[in-house]
Amino acid sequence: MKILVLGSAAGGGFPQWNSNAPGCRRARLGDPAALPRTQAGLAISADDKRWFLVNAAPDLREQLNRTPPLHPREGMRSSPISGVILTGADVDVIAGLLTLRERQAFTLFATRSVHDILNANPIFEVLGRDIVTREVLALDTPETAHGCTFELFAVPGKVPLYLERSDAAPSVQVDGTTVGLLVSDGQRRIFYIPGCAAMTDELASRLDGADMVFFDGTLWRDDEMVAANLGNKTGKRMGHMSFSGPDGTLAAFRSIAVNRKIIIHMNNSNPVLLADSVERAEAEAAGWIVGEDGMEFSL
Ligand code: MLT
Ligand code: MN
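Undergrad: Residues and numbers for the overall build of the protein chain, please.
TA: Check the secondary structure of the protein chain and you find nine helices and 14 strands. In terms of overall size, the protein chain behaves like a compact globule, its C-alpha atoms giving a radius of gyration of 18 Å where 299 residues would be expected to give roughly 19 Å. A buried classification covers 54% of the 299 residues belonging to the protein chain. If you average the places of the 29 positive and of the 36 negative side-chain charges in the protein chain, the two averages end up 4 Å apart.

Undergrad: I'd love a proper account of the sheet that holds strand S9 (residues 179-184), names of residues and values included.
TA: The seven strands lie next to each other as S7-S8-S9-S10-S11-S12-S13, forming an open sheet whose pairing is mixed. A single partner strand is all that each edge strand has here, and the edge strands are strand S7 (143-145) and strand S13 (288-290). With direction set aside, neighbouring strand axes in the sheet form an average angle of 20°. With six bridges connecting them, strand S11 (residues 210-216) and strand S12 (residues 258-264) associate as parallel partners.

Undergrad: Requested: an account of the site of ligand 1, with residues and values cited.
TA: All residues adjacent to ligand 1 are Asp90, Asp92, Met238, His240 and His265. Relative to its unbound accessible area of 270 Å², ligand 1 is 77% covered by the protein chains. Among the detected pockets, ligand 1 sits in the largest pocket. For the shell around ligand 1, the class distribution of residues is one nonpolar, two polar and two charged.

Undergrad: Help me get a handle on the side chain of Asp211, residues and values and all.
TA: Note on placement: Asp211 falls in strand S11. Among the polar contacts made by the side chain of Asp211, one reaches the main-chain amide nitrogen of Arg189 at a distance of 2.8 Å. What Asp211 contacts, discounting residues up to four positions off in sequence, is Gln187, Arg188, Arg189, Asn259, Arg260 and Leu299.

Undergrad: How would you sum up the packing of aromatic side chains? Please name residues and give values.
TA: Summed over the entire model, instances satisfying the criterion amount to ten aromatic pairs. Arranged with centres 5.1 Å apart and planes meeting at 70°, the rings of Phe215 and Phe253 form a pair that is edge-to-face. Here Phe253 lies in helix H8 (residues 249-253) and Phe215 lies in strand S11, a separation of 38 residues in the sequence. There is no split in this pair, since Phe215 and Phe253 are both buried. Pairwise contacts between aromatic rings join Phe215, Trp220, Phe243, Phe253 and Trp288 into one cluster.

Undergrad: For the side chain of Gln63, give the residues involved together with the corresponding values.
TA: In this fold, Gln63 is placed in helix H2 (residues 60-65). Sequence-distant contacts of Gln63, that is, excluding residues within four places in its chain, are made with Leu6, Gly7, Thr38, Gln39 and Ala57.

Undergrad: Lay out the sheet that holds strand S2 (residues 41-45) with the relevant residues and their values.
TA: The strand order across the open sheet built from seven strands is S6-S5-S4-S3-S2-S1-S14, with neighbouring strands paired in mixed fashion. Strand pairing shows two members of the sheet lacking a second neighbour, strand S6 (132-136) and strand S14 (296-298), which therefore form its edges. Adjacent strand axes in the sheet meet at a mean angle of 20° when their direction is disregarded. Relative to S14, strand S1 (residues 2-7) runs antiparallel, the two sharing three bridges.

Undergrad: Lay out the nonpolar core with the relevant residues and their values.
TA: Counting residues in hydrophobic clusters, the biggest one holds 32 residues, and the most contacted among them are Ile193 and Phe215. Elements represented by at least two residues in this core include exactly helix H1 (22-28), strand S10 (189-193), helix H5 (201-207), S11, H8, S12 and S13. Membership of the second largest hydrophobic core comes to 27 residues, among which are Ala40, Phe52, Ala145 and Val183.

Undergrad: Help me get a handle on the coordination of the manganese ion (ligand 2), residues and values and all.
TA: Only Asp92 (OD), Asp92 (OD) and His265 (NE2) from the protein reach the manganese ion (ligand 2) as donors, at distances of 2.1 to 2.7 Å. On the criterion of sequence distance, the pair formed by Asp92 in helix H3 (residues 91-94) and His265 in the loop between S12 and helix H9 (278-285) is long-range, its members being 173 residues apart.

Undergrad: Can you explain the pairing of S6? Please cite residues and give values.
TA: Within a regular strand, the side chains alternate between the two sheet faces. Two elements, strand S5 (residues 106-110) and S6, share five bridges in a ladder whose sense is parallel. Counted as the bridge partner of Phe109 is Glu135 from S6. Following the chain from S5 across helix H4 (residues 112-119) to the adjacent parallel S6, one finds a crossover that is right-handed.

Undergrad: Can you explain the environment of Phe106? Please cite residues and give values.
TA: Mapped onto the fold, Phe106 is located in strand S5. For Phe106, the residues in contact, after removing those within four places along its chain, are Ile81, Ser82, Gly83, Val84, Leu100, Leu127, Ile131, Val132 and Thr133.

Undergrad: Before we move on, could you go through the layout of surface pockets and cite the residues and values that matter?
TA: The method is simple in principle: a probe with the dimensions of a water molecule rolls over the atoms, and the space it marks as empty is what remains. Each pocket or cavity is described by its volume, and for the largest pocket that value is around 870 Å³. Lining the largest pocket are 42 residues, with Gly11, Asp90, Asp92, His240 and His265 sitting closest to its centre. If one sorts the elements of the lining of the largest pocket by residue count, H3 sits on top with three residues. Split into classes, the residues belonging to the lining of the largest pocket amount to 18 nonpolar, 20 polar and four charged.

Conventions adopted
- Residues numbered from 1 in each chain as written.
- Chains lettered and ligands numbered in written order.
- Predicted model: local features only at pLDDT ≥ 70, side-chain atom pairs only at ≥ 80, totals over all residues.
- Heavy atoms only, no water.
- Helix = DSSP H or I, 4+ residues; strand = E, 2+ residues; numbered from the N terminus.
- Rg over C-alpha atoms; globule rule 2.2 N^0.38 Å.
- Buried < 20%, exposed > 50% of the residue type's maximum accessible area, 1.4 Å probe, protein only.
- Lys, Arg positive; Asp, Glu negative; His and termini not counted.
- Charge placed at Lys NZ, Arg CZ, Asp CG, Glu CD.
- Pairing = 2+ DSSP bridges.
- Axes fitted to C-alpha atoms, helices over the stretch in contact; angles between N-to-C directions.
- Near = heavy atom within 4 Å.
- Areas by Shrake-Rupley, 256 points an atom, 1.4 Å probe, with all protein chains shown as cover.
- 1 Å grid on protein atoms, 1.4 Å probe; cavity = no way out; pocket = protein on both sides within 12 Å on 5 of 7 lines; lining within 4 Å.
- Sits in = over half its atoms within 2 Å of the grid points.
- Nonpolar A, V, L, I, M, F, W, Y, C, P; charged D, E, K, R; others polar.
- Polar contact = N/O pair within 3.5 Å; in protein donor to acceptor, adjacent residues only side chain to side chain.
- Contact = heavy atoms within 4.5 Å.
- Phe/Tyr/Trp six-rings, centres within 6.5 Å; stacked < 30°, edge-to-face > 60°.
- Core = buried A, V, L, I, M, F, W, Y, C linked by side-chain atoms within 4.5 Å.
- Donors = N, O, S within 2.8 Å, 3.2 Å for Na, K, Ca; no water.
- Right-handed = clockwise from strand over helix to strand, strands pointing away.
- Points joined across faces, edges and corners; volume = space filled by probe spheres on them.

Below, the structure written as structure tokens:
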């Protein structure tokens with residue numbers, strides 16, 4: 001299987017357009033220790049010919065243009081992209097669907113609740129239903145296409161920001177709106193989980209023995225945005241577990257055996273983005289690979 005990291009940052013990207021924080025300023029100045037990143041997404045193929053996108057970030061057009069395996073190869077109009085699989089309905093997961101509106105056939109895979117959100121919003125009708133098939137993936141039910149088997153499973157998460165109906169913190173749900181993806185070619189098991197509010201025993205045992213896990217790296221510290229005067233939200237309020245701390249990702253993965261673990265969906269406030277930070281050193285010492293746009297993996 002081939003895996004291309006199209007984007008590695010959380011919503012907003014790095015640098016974020018309206019952030020004047022030191023990390024974003026370094027990224028804007030071209031500091032090689034503060035590499036810019038687009039919003040998270042992968043491309044996966046089992047045969048090098050037909051590709052699946054995992055999530056469609058607002059940066060998708062730029063991501064496709066800079067990735068030759070995803071360029072048209074036949075006739076006057078075509079695409080090696082056979083399908084798009086969604087792990088949620090946040091803006092940074094679905095807005096790039098609008099980039100794919102130029103009458104190109106593909107299959108859009110998502111859970112029932114994510115499809116319900118898309119179906120309720122007429123802007124997504126630009127994906128003509130006569131050529132873009134919307135296919136519901138039942139939770140915990142594998143589906144095979146072009147040599148790849150996909151399975152979506154619920155992880156703890158919250159409703160998308162634009163569907164929050166009050167200022168009160170929405171409760172964490174495990175209802176299939178926020179999901180993880182397992183991709184397999186029959187031999188290797190690869191997980192993509194860009195949003196997760198908590199590590200559960202069930203999730204830990206699911207991940208155990210995986211060949212590769214891309215995992216939610218939104219924040220290093222739950223209150224880092226508040227502490228840096230970047231906003232009033234904690235990671236918990238946004239439905240993301242943090243990397244550090246006793247309930248954090250670093251601690252959780254100490255007892256989960258995974259061959260390669262990659263931090264993805266990093267918010268622009270996360271110091272792990274900076275190659276010269278102590279947090280970067282700590283993550284790498286614990287065996288984590290810090291995701292970068294353009295990374296390629298073959299396994
Ligand atoms: C998230 O991951 O929490 C969301 O993408 C935030 C957002 O919608 O901007
Ligand atoms: Mn996000």
